[in-house]
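Notes for the structure review
Listed here are the chains, written in short residue letters.
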Amino acid sequence: MQGIALVSLLVLTGLALLGPSGLLAWGEQASLLEQRKSQIAVLEAKRSEMKGRVDALHPDRADPDMVGELLRKNMHVVHPDEIVLTLEPEG
């Protein structure tokens with residue numbers, strides 16, 4: 001009976017040290033947590049930038065500069081009095 005108890009205690013100790021949530025895995029988990037926190041910070045910055053752009057396009061208070069930029073970029077629309085200069089890529 002004592003042998004079974006000793007083996008069980010050794011198995012539990014081994015799992016506590018080497019298991020997926022054991023003491024040795026804490027360092028890896030902490031490193032992974034820091035990576036995730038930095039990814040979250042980058043994504044939150046992108047999200048706030050996109051939110052600002054979306055807010056600038058609200059139909060009731062659209063930013064004329066933003067609307068003009070999107071029209072020129074996406075629909076290739078220009079005013080009649082504008083001059084378009086095309087640049088050849090260097091190389």
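Residues numbered from 1 in each chain as written. Predicted model: local features only at pLDDT ≥ 70, side-chain atom pairs only at ≥ 80, totals over all residues. Heavy atoms only, no water.

**A few points about the overall build of the protein chain**
The secondary structure content of the protein chain amounts to 3 helices and 0 strands. Ordered by position from the N terminus, the helices and strands of the protein chain form the series α-α-α. On C-alpha atoms alone, the protein chain measures out to a radius of gyration of 30 Å, which is more than a quarter above the 12 Å that the 2.2 N^0.38 rule sets for 91 residues. Reported as C-alpha extents along the three principal axes, the dimensions of the protein chain are approximately 95 × 45 × 15 Å. Buried positions account for 7% of the 91 residues belonging to the protein chain. Considering the protein chain, the positive charge centre built from 9 side chains and the negative charge centre built from 13 side chains are found 9 Å apart. (Helix = DSSP H or I, 4+ residues; strand = E, 2+ residues; numbered from the N terminus. Rg over C-alpha atoms; globule rule 2.2 N^0.38 Å. Buried < 20%, exposed > 50% of the residue type's maximum accessible area, 1.4 Å probe, protein only. Lys, Arg positive; Asp, Glu negative; His and termini not counted. Charge placed at Lys NZ, Arg CZ, Asp CG, Glu CD.)

**Structural notes on the confidence of the model for the protein chain**
Per-chain confidence: the protein chain averages 86 in pLDDT, with 99% of residues scoring 70 or above. Element-level mean pLDDT values for the protein chain span from 84 in helix H3 (residues 64–75) up to 91 in helix H2 (residues 23–56). (pLDDT = per-residue confidence, 0-100.)

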